[in-house]
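# Descriptive analysis of the structure
Next come the chains, spelled out residue by residue.
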Amino acid sequence: MTKFFYKMETKPPVIRSGNIYRVYWFYWRLLGLETDFPLRHVLDILITFFVTIWYPIHLIVGVFSERTLGDICKGLPITAACFFCSFKFICFRLKLKEIKAIEILLKELDQRAVSDDEREYFNKNTQKEANFIWASFLVAYNLSNISAIASVLFGGGHQLLYPGWFPYDVQATELRFWLSVAYQIAGVSLAIIQNLVNDSYPPMTFCVVAGHVRLLAMRLRRIGHDEKPTKVAVARKLFESIEDHRKLMKIIDLLRSTMNISQLGQFMASGINISITLVYILFFAENLFSVTYYAVYFISMALELFPCCYYGTLISVEMNSLTYAIYSSNWLGMDSKYCRTLLMFMQLTLTQVQIKAGGVIAIGMNAFFATVRLAYSFFTLAMSLR
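So, here is what we can say about the structure in this document. (Residues numbered from 1 in each chain as written. Predicted model: local features only at pLDDT ≥ 70, side-chain atom pairs only at ≥ 80, totals over all residues. Heavy atoms only, no water.)

## Considering the nonpolar core
Among the nonpolar cores identified, the biggest contains 75 residues, and Tyr21, Tyr24, Trp28, Tyr201, Phe206, Val209 and Leu255 are the most heavily contacted of them. At 17 residues, the largest contribution of residues to this core is made by helix H7 (residues 174-222). Ignoring any residue separated from it by four or fewer positions in sequence, one finds tyrosine 24 in contact with Ile99, Val197, Ser200, Tyr201 and Met204. In this structure, Tyr55, Cys82, Val188 and Met301 belong to the second largest nonpolar core, which totals 12 residues. (Core = buried A, V, L, I, M, F, W, Y, C linked by side-chain atoms within 4.5 Å. Buried < 20%, exposed > 50% of the residue type's maximum accessible area, 1.4 Å probe, protein only. Helix = DSSP H or I, 4+ residues; strand = E, 2+ residues; numbered from the N terminus. Contact = heavy atoms within 4.5 Å.)

What follows is the structure in structure tokens.
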């Protein structure tokens, strides 16, 4: 009896993919969306105008107003980052319906994980990795913001956080100057929340989907290997697995629709920012705070792109393993109808699964290394022009 209760206590918890997305939806509520807050519409309008629209505009005009190459290189990374941040945020906002549909399908797949080994794998691997993804983005972006603020407060001089344009003389009075700095700090802080919405969702969802593909492979391998399987029970499990695969492919289609344009902007932003940041650190950084800030910013850009590409490749790898998992099931002794269904299912899983940005760039490690090579090419060009 004691052993029985001990086993009951150590049984892995039920899989709940929705718990992973709690922080994600919290970011949306901070931005005045997906909440019942009474003044949410007012907050949404203010953030949309002053952050999503006006913040990148005032940075773009500010960069074009600079006269030296060093000042342009200083302002260009954050300008490009804010522009593409607003671009991606608008893309994701227009795809909220698809994002919610994906979460519903993931919750349905959660119910299919009934064995202890499935639950243990998901909770010890997939859930921990997904939670680590959003936590790492949160830490990296906040460190970047703190470094930028410190460069203004302790870096010396009377300069804005970033080169930007205002419809008045910023340096006319202390009040105007510090109000302008406060706007830039508040704006970039809200832009960071928008970036957390943009950049944490793709790798986090890819991680969860890859985990569910692994769980499906585990279920497929077990089909027919029970102690006393009946043909009816074996056929039912196969059809249930086919339905699970259909849901996974539906999720893949929704992800393609959701990330088609936004991830194309991600690759463009990363390539531009990584290269220009390296050039600024080597040639134009004026003090220790500037070097620290842009070094942290450079790491953040790499962190922003790598997880999405890694888990994009992982989805393809896990999908490719389904064919062998089907073959590993116990199909010997089954009737011809079952075997034909099995063969058609295997043929279906042979299709290469990829999610492409802009319908052109496959989101995977090859794209990550291509972006890094592109940034290195810009860097070597800058070194040769020195």
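Right, picking up where we left off after that structure.
## Focus: the environment of arginine 373
By the element assignment, arginine 373 lies in helix H13 (residues 365-385). Taking C-alpha positions, arginine 373 is 40 Å from phenylalanine 177, a pair spaced 196 residues apart along the chain.

## So, the layout of surface pockets
Within this model, the largest pocket holds a volume of roughly 370 Å³. What lines the largest pocket is a set of 18 residues, and nearest its centre among them are Glu66, Leu160, Tyr162, Pro163 and Gly164. The set of elements that each furnish at least two residues to the lining of the largest pocket consists of helix H3 (40-65) and helix H4 (69-94). Split into classes, the residues belonging to the lining of the largest pocket amount to 7 nonpolar, 6 polar and 5 charged. (1 Å grid on protein atoms, 1.4 Å probe; cavity = no way out; pocket = protein on both sides within 12 Å on 5 of 7 lines; lining within 4 Å. Points joined across faces, edges and corners; volume = space filled by probe spheres on them. Nonpolar A, V, L, I, M, F, W, Y, C, P; charged D, E, K, R; others polar.)

## Concerning the packing of helix H8 (residues 231-259) against helix H12 (residues 336-349)
A pair of packed helices is captured by two measures, namely the crossing angle of their axes and the spacing between those axes. Look at H8 against H12: their axes get within 11 Å of each other, and the N-to-C directions meet at 20 degrees. Here H8 is positioned roughly parallel relative to H12, judged by the angle of their axes. When you trace H8 past H12, the crossing you get is left-handed. Judged by residue contacts, Val234, Ala235, Leu238, Phe239, Ser241, Ile242 and His245 of H8 engage Tyr338, Thr341, Leu342, Phe345, Leu348 and Thr349 from H12. Residues that form the contact of H8 with H12 fall into these classes: 9 nonpolar, 4 polar and no charged. (Axes fitted to C-alpha atoms, helices over the stretch in contact; angles between N-to-C directions. Parallel < 35°, antiparallel > 145°, perpendicular 65-115°, else oblique. Left-handed = near helix turned anticlockwise from the far one by under 90°.)

## Quick look at H3
Since the α-helix packs 3.6 residues into each turn, any two residues three or four apart lie on the same face. The first and last C-alpha atoms of H3 sit 36 Å apart over 26 residues, in line with the 38 Å expected at 1.5 Å per residue. The largest bend in H3 comes to about 50 degrees, at tryptophan 54, with the proline proline 56 one to four residues further on. By the burial criterion, the buried members of H3 are Asp44, Ile47, Val51, Thr52, Tyr55, Pro56, His58, Leu59, Gly62 and Val63. On the buried face of H3, the contacting elements are helix H2 (22-30), H4 and H7. (Expected span 1.5 Å × (residues − 1). Bend = angle between axes of the 7 residues up to and from the residue.)

## Brief notes about the pattern of salt bridges
Scanning the entire structure with this criterion turns up 15 salt bridges. Across the pair glutamate 34 and lysine 100 runs a salt bridge, and its minimum N-O distance is 2.9 Å. In this pair, glutamate 34 sits in the loop between H2 and H3 while lysine 100 sits in helix H5 (residues 96-110), placing the two residues 66 residues apart along the sequence. Residue class for glutamate 34 comes out partly exposed when judged on its relative accessible area of 34%. You can call lysine 100 partly exposed: its relative accessible area is 34%. As a salt-bridge pair, lysine 124 and glutamate 120 come within 3.0 Å of each other at their nearest N and O atoms. A residue pair is termed a helical-turn pair when its members lie 3 or 4 positions apart in one helix, as lysine 124 and glutamate 120 do in helix H6 (residues 116-153) at 4 residues. For glutamate 120, a relative accessible area of 36% puts it in the partly exposed group. Salt bridges here are not isolated pairs; linked through shared partners, they connect Arg112, Asp117, Glu118, Arg219, Arg222, Glu240 and Asp244. (Salt bridge = Lys/Arg side-chain N within 4 Å of Asp/Glu carboxyl O.)

## Description of empty space enclosed by the protein
In the structure shown here, the tally under the stated rule is 4 cavities of 30 Å³ or more. The computed volume of the largest cavity comes to approximately 180 Å³. Together, 17 residues line the largest cavity, and Ile78, Ser144, Ile192, Asn195 and Tyr297 are the ones closest to its centre. Those elements that place two or more of their residues in the lining of the largest cavity are H4, H6, H7 and helix H10 (288-320). Top contributing element to the lining of the largest cavity by residue count: H10, with 5 residues. Across the lining of the largest cavity, the residue classes tally to 12 nonpolar, 4 polar and 1 charged.

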